[in-house]
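Structure assessment
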Amino acid sequence: MSKIVILGAGISGHVAASHLRRKLSKEHKVIVVSPNSNYQWIPSNIWVGIGRMKSKEILFPLAPLYRKKNITFLQAKAVSFHPEGDPKESKPYVLSEYVVGEKKGTQEKVTYDYLINATGPKLNFEATDGLIPGLNKTYSVCTYGHADHAWHGLNELIQEMKKGKKAKILIGTGHAKATCQGAAFEYILNVEQELRKHKVRDMAEVTWISNEYQLGDFGMDGMLLSYNGMTMKSSEMVEMIFEDRDIKWILGAGVDKIEDGLAHYENLDGEHRTESYDFAMLIPAFSGHGFKAFDKDNQDITNKLFKGFMIVDADYTSKPYEEWSVQDWPETYQNPSYKNIFAPGIAFAPPHAISKPRKSKNGTDISPAPPRTGMPSGITAKLVADNIIDSIKKGKESLEHKGSLGNMGAACIASAGYGLTQGSGVSITTYPIVPDYHKYPKSQGRQLGKTFGEIGLAGHWLKLALHYAFIYKAKMKPFWWLIPE
């Protein structure tokens, strides 16, 4: 009998738990440890943030589903990692603390044979002075609670605009090294369309602010893609979209302080500037959770497991941008020191950024961190689960399932406005995620036939269909596994 513990019940954790439970016999135990009681389909937070969906439409409670599917659920948070046990416990374990109920505040050693760290990122709002969701007229769409609050703030402003108030709206990244530009990109397009639907677009100045060097970088060094039968840079496509919608932009901006209605930032020229606003949605920096790890004698071994995020089978050798390679990226997401620990999705430490790193003239790092959300999170979680399943069934380590972001493609459907007849979506398919400049030297590291973009109503229909398909899949309804990651 094997015991598999999964930390986190987001996209990676839930995907891993679902496949493990489906493919392993009941004698094997699958345990999910998560402080959150609900599963949420995060990509649809955008629509909650403009009032087009209610948060209840994008989430469901985990406990009843896991009980039905024979998955043990502990609503608790991980505190520390003990991959060798301790003087009193011979098995490896994660020290966890319950967050609700009668056991709230009590700690438990959750032992395991295999551990999947799918804790994702910490939303590091405190890395930017004053960036607190709901304060200083700034909001977030990173969780369904944040998105609900963002719509409340945006709707209040819309009502004031209907009474004649001129307004400035600022959307983008709220830290010099933030990632997830894609979510901010979706949100600014949806907000812009909502203003038009409410007939107040002429009352608003809408501005994009980002740590990207060029529009359309998305933390992926930009893309050369096929678009309507021609070849176009992603920067050109996004510029075309922004110009069409009269969205202004500020690039190479490292936001470092927020005051009420005022964003302070440093640009790549080393200038310190400010931008005023009446409503802002700024994506925070992502970071690891600050977990500690200890050996069997309770000596600190955090550096064996973590480098901010969890260390996996990547090449973490420090090297200049010109020497970066797709071979640096992990394939199995296995920790090299403790072979029964894995970290798919956002939980693994990337070997380096994907976009070219840039510093301001003052030496401040201002460039996007690498994105690992959405489709890559699901794919890496499934391959980790499949390797654990094979290892259990064969009685020895099996790592036949591999998938590097350097040989993996991703499809992204970015909502550009909600509506069955007036909605829009920007569909972008990229292959590979991490550009391979050696293999594709003439097309910015990517294969043109598999890297393309489209804009239009069909994109909205597809994103809406995916919303319902992935909620169905997450609820583990009949034949859910036929829906790809």
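Quick look at the structure, then.

**Thoughts on the nonpolar core**
Formed by 77 residues in total, the largest nonpolar core has its most connected members in Leu20, Phe81, Ile116 and Ile388. Per-element accounting of this core gives the leading share, seven residues, to helix 8 (residues 375-394). Those residues in contact with Leu20 that lie beyond four places of it in its chain are Ile4, Ile6, Val30, Ile116, Ala385, Ile388 and Ile389. Listed in part, the 53 residues of the second largest apolar core include Leu154, Met223, Val426 and Leu464.

**Considering helix 6 (residues 234-244)**
Three or more residues of helix 6 are buried, namely Ser234, Ser235, Met237, Val238, Ile241 and Phe242. Seen end-on, helix 6 carries its buried residues on one side only, within an arc spanning 165°. Turned more than 90 degrees off the buried face of helix 6, the exposed positions are Glu243 and Asp244. Asp246 lies just past helix 6 and shows a positive phi near 55°.

**Description of the state of the cysteines**
All told, the structure shown has zero disulfides when counted by the stated rule. Unpaired in terms of disulfides, Cys412 finds its nearest cysteine sulfur in Cys180, a separation of 9.6 Å. The class for Cys412 is partly exposed, based on a relative accessible area of 41%.

**A few points about the packing of helix 5 (residues 181-197) against helix 6**
As a packed pair, helix 5 and helix 6 sit with axes 11 Å apart at the nearest point and diverge in direction by 25°. The orientation of helix 5 with respect to helix 6, classified from their angle, is roughly parallel. Crossing of helix 5 against helix 6: the hand is left-handed. Residue-level contacts link Phe185, Ile188 and Leu189 of helix 5 to Val238, Ile241 and Phe242 of helix 6. Partitioning the contact of helix 5 with helix 6 into residue classes produces six nonpolar, no polar and no charged.

**Overview of a nonpolar patch on the surface**
A cluster of nonpolar side chains, namely Phe479, Trp481 and Leu482, defines an oily patch on the protein surface of about 350 Å² accessible area. The topology assignment puts Phe479 in the segment after helix 9 (457-474).

**Details of helix 8**
With 20 residues, helix 8 ought to run about 28 Å at 1.5 Å a step, and its terminal C-alpha atoms sit 29 Å apart, in line with that. Of all 20 residues that make up helix 8, 15 are buried, and the element is covered over most of its length. Two residues or fewer past helix 8, Gly395 is found with a positive phi of approximately 75°.

**Some remarks on the pattern of salt bridges**
Tallied over the full model, the rule gives 21 salt bridges. Among the ionic pairs, Arg196 bridges to Glu192, the shortest N-O distance being 2.9 Å. Of this pair, Arg196 and Glu192 both sit in helix 5, four residues apart, which is roughly one turn of that helix. We classify Arg196 as partly exposed; its relative accessible area is 38%.

What counts and how
- Residues numbered from 1 in each chain as written.
- Predicted model: local features only at pLDDT ≥ 70, side-chain atom pairs only at ≥ 80, totals over all residues.
- Heavy atoms only, no water.
- Core = buried A, V, L, I, M, F, W, Y, C linked by side-chain atoms within 4.5 Å.
- Buried < 20%, exposed > 50% of the residue type's maximum accessible area, 1.4 Å probe, protein only.
- Helix = DSSP H or I, 4+ residues; strand = E, 2+ residues; numbered from the N terminus.
- Contact = heavy atoms within 4.5 Å.
- Arc of directions from axis to C-beta.
- Disulfide = S-S within 2.5 Å.
- Axes fitted to C-alpha atoms, helices over the stretch in contact; angles between N-to-C directions.
- Parallel < 35°, antiparallel > 145°, perpendicular 65-115°, else oblique.
- Left-handed = near helix turned anticlockwise from the far one by under 90°.
- Nonpolar A, V, L, I, M, F, W, Y, C, P; charged D, E, K, R; others polar.
- Patch = residues over 30% accessible without salt bridge, like charges linked within 9 Å, V, L, I, M, F, W, Y side chains within 5 Å.
- Areas by Shrake-Rupley, 256 points an atom, 1.4 Å probe, with all protein chains shown as cover.
- Salt bridge = Lys/Arg side-chain N within 4 Å of Asp/Glu carboxyl O.
- Expected span 1.5 Å × (residues − 1).

Without other data, these values stay purely geometric and don't point to any function.
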